[in-house]
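Results of the structural survey
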Amino acid sequence: MSNWQQVGDLQIEQDLQYQQRMWTVERIGWLLLLLGGGPLSMATAGDQGAPLQAQYGRFVRHGGQAQLEIRLQPGAAQGTEARVWIDRAYLDGIRIEHITPEPESIEAASDRMIYVFKLSQPGQPTSLNVQYHA
């Protein structure tokens, strides 16, 4: 219900109940944004059923912890060895804390880092998890 008030030479219409409800909704929205984890927070690169698919947090706060999940389907690896490379420009912006499973070795190239994994079951799908700080 709006209410007209005289303030100096101005007439101002205000609805304090509506304004308080909007402030509450706004605060809840900011809280959800700060906590993350909403339906738009995760993104996937690679098509469903593609040999390689990556799932990552779309929005990561500076200094915040995040996870990159890489899924390898059968046929993505050569024999018992899977080689996954990550662009050096991407790696320059993050600090990797932990990779699961641990890579067998890491090779450096001028524009990328190549992580080599030994697969215990080469014909089965495999997931690799990279925990990092942005």
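What you see is a predicted model; the values in this text were computed from it and never measured. (Residues numbered from 1 in each chain as written. Predicted model: local features only at pLDDT ≥ 70, side-chain atom pairs only at ≥ 80, totals over all residues. Heavy atoms only, no water.)

Digging into the overall build of the chain
Definition in use: Secondary structure counts use DSSP, requiring at least four H or I residues in a row for a helix and at least two E residues in a row for a strand, with both numbered from the N terminus. As defined in this context, the radius of gyration uses C-alpha atoms, and a globule is described by 2.2 Å times the residue total to the power 0.38. With a 1.4 Å probe rolled over the protein chains alone, any residue whose accessible area is under 20% of its type maximum counts as buried; one over 50% counts as exposed, and the rest are partly exposed. By the convention used here, residues are in contact when the closest approach between their heavy atoms is within 4.5 Å. All accessibility values rest on the Shrake-Rupley procedure with a 1.4 Å probe; residue burial counts only the protein chains present in the view.
Counting secondary structure elements, the chain contains 2 helices and 10 strands. In the chain, the succession of helices and strands from N to C terminus is β-β-α-β-β-β-β-α-β-β-β-β. Since a compact globule built from 134 residues should have a radius of gyration of about 14 Å, the 24 Å found for the chain marks it as more spread out than a globular shape. If one aligns the C-alpha atoms of the chain with their principal axes, the spans along those axes are about 80 × 30 × 20 Å. Taking all 134 residues of the chain together, 22% fall into the buried category. The contacts in the chain between residues at least 6 apart in sequence include a share of 52% that link residues at least 24 apart. As displayed, the chain offers around 9,900 Å² of accessible surface, 54% of which is attributable to carbon and sulfur atoms.

A word on the environment of D87
Relative to the helices and strands, D87 is located in strand β6 (residues 81-87). Judged by its relative accessible area of 34%, D87 is partly exposed. C-alpha of D87 to C-alpha of S110: the two residues are 23 residues apart in sequence and 9.6 Å apart in space.

Here's the deal with unusual backbone geometry
At the junction of T100 and P101, the peptide bond is cis and its omega measures out at -10° in the coordinates. Residue placement: P101 occurs in the loop between β7 (95-100) and β8 (105-108).

Section: a nonpolar patch on the surface
Going by this rule: Each patch is assembled from residues with relative accessible area greater than 30% and no salt bridge, linking like charges that lie within 9 Å and nonpolar side chains (Val, Leu, Ile, Met, Phe, Trp, Tyr) that lie within 5 Å. Should a side-chain nitrogen of Lys or Arg be within 4 Å of a carboxyl oxygen of Asp or Glu, the pair is scored as a salt bridge.
Together, V7, L10 and I12 make up an exposed nonpolar region whose accessible area comes to about 260 Å². Along the chain, the position of L10 falls in strand β2 (residues 10-14). Residue L10 is classed as exposed on the basis of its relative accessible area of 55%.

Considering the nonpolar core
Convention followed: Joining through side-chain atoms within 4.5 Å is the link that ties buried Ala, Val, Leu, Ile, Met, Phe, Trp, Tyr and Cys residues into a set, and such a set is a nonpolar core.
Counting residues in each nonpolar core, the largest one holds 18 residues, and the members touching the most others are L68, Y115 and F117. Of all the elements in the fold, those that place two or more residues in this core are β5 (65-72), β6, β9 (112-118) and β10 (126-133). Here the element with the most residues in this core is β5; it accounts for 4 residues. Setting aside residues up to four positions removed in sequence, F117 forms contacts with T80, E81, A82, V84, I99, P101, E102, P103, E104 and L128.

Re the confidence of the model for the chain
Selection criterion: pLDDT is defined as a per-residue confidence score from the predictor, taking values between 0 and 100.
When the pLDDT values of the chain are averaged, the result is 86; 93% of them are 70 or greater. Across the chain, the element-wise mean pLDDT spans from 77 in strand β1 (residues 3-7) up to 95 in β8.

Things to note about the environment of S41
With respect to the secondary-structure elements, S41 resides in the loop between α1 (16-35) and β3 (42-45). The exposure class assigned to S41 is buried, which follows from its relative accessible area of 15%. A sequence separation of 17 residues divides S41 from R58, and the C-alpha atoms of the two residues are 5.3 Å apart. Beyond its immediate stretch of four places on either side in the chain, S41 contacts Y56, G57, R58 and F59.

Looking at the pairing of β5
Worth spelling out the cut-off: Between any two strands, pairing holds if DSSP finds at least two bridges.
The pairing of strand β4 (residues 52-57) with β5 spans 5 bridges and is antiparallel. Bridge pairing links Y56 to L68 in β5. The sheet contact formed by β5 and β10 spans 8 bridges and is antiparallel. Across the sheet, the residue bridging to I70 is L128, located in β10.

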